[in-house]
Amino acid sequence: QVQLVESGGGSVQAGGSLRLSCAASGSIFSINPMGWYRQAPGKQRELVAEITSGGSTNYGDSVKGRITISRDNAKNTVTLQMNNLKPEDTGVYYCSAKGARVTFWGKGTQVTVSS
């Protein structure tokens, strides 16, 4: 079975930085697009960033310019570097891996940004 495990969440002050990591195992291959999504209380899950195996990226409008996604295909890992964090960035961050017909999700890691 596919497993995605996130790490690196925590609490920071506004303007601070965090780096989230996701390790993939199972039947996920290095060609799979991967991404990060987040969900705040009372809100729907939204795109933070996604990346293809070739390195093409797409960012949510709310984080563009402050967050960078990268991947190591040999290790099946994806990293989210978050800088200049804002309180509205608070939420549970989920790693994803897109298969041919389904998308796999990790259990999430909490990010809290305080003013």
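A brief structural summary. Predicted model, so just to flag it, every value in this text is computed and none were measured.

Parameters and conventions
Residues numbered from 1 in each chain as written. Predicted model: local features only at pLDDT ≥ 70, side-chain atom pairs only at ≥ 80, totals over all residues. Heavy atoms only, no water. Helix = DSSP H or I, 4+ residues; strand = E, 2+ residues; numbered from the N terminus. Rg over C-alpha atoms; globule rule 2.2 N^0.38 Å. Buried < 20%, exposed > 50% of the residue type's maximum accessible area, 1.4 Å probe, protein only. Contact = heavy atoms within 4.5 Å. Pairing = 2+ DSSP bridges. Disulfide = S-S within 2.5 Å.

Side note on the overall build of the protein chain
Next up, step 1: The helix and strand inventory of the protein chain stands at zero helices and 11 strands.
Next up, step 2: For the protein chain, the succession of helices and strands along the chain, N to C, is β-β-β-β-β-β-β-β-β-β-β.
Next up, step 3: In terms of overall dimensions, the protein chain is globule-like: its C-alpha atoms have a radius of gyration of 13 Å, near the 13 Å expected for 115 residues.
Next up, step 4: Considered along the principal axes of its C-alpha atoms, the protein chain spans approximately 40 × 25 × 20 Å.
Next up, step 5: The burial tally for the protein chain puts 37% of its 115 residues in the buried class.
Next up, step 6: A separation of at least 24 residues holds for 52% of the contacts in the protein chain among residues at least 6 apart in sequence.

Observations concerning the pairing of strand β5 (residues 46-51)
Next up, step 1: Taken together, the five bridges between strand β4 (residues 34-39) and β5 define a ladder with antiparallel strand orientation. The residue of β5 that forms the bridge with Arg38 is Glu46.
Next up, step 2: Once β4 ends, the chain turns through six residues before running back antiparallel as β5, passing Gly42 with a positive phi of about 80°.
Next up, step 3: Where β5 and strand β6 (residues 57-59) come together, three bridges link them in antiparallel fashion. By the bridge assignment for β6, Ile51 is matched with Thr57.

Some thoughts on the state of the cysteines
Next up, step 1: Following the criterion strictly, the structure yields one disulfide and no others.
Next up, step 2: One disulfide bridge connects Cys22 with Cys95, the sulfur atoms lying 2.0 Å from each other. Residues Cys22 and Cys95 are joined by a disulfide whose S-S torsion is about -80°; by sign, that bridge is left-handed. Separated by 73 residues along the polypeptide, Cys22 in strand β3 (residues 18-25) and Cys95 in strand β9 (residues 91-98) bring together distant segments of the chain. When sorted by exposure, Cys22 lands in the same class as Cys95, which is buried.

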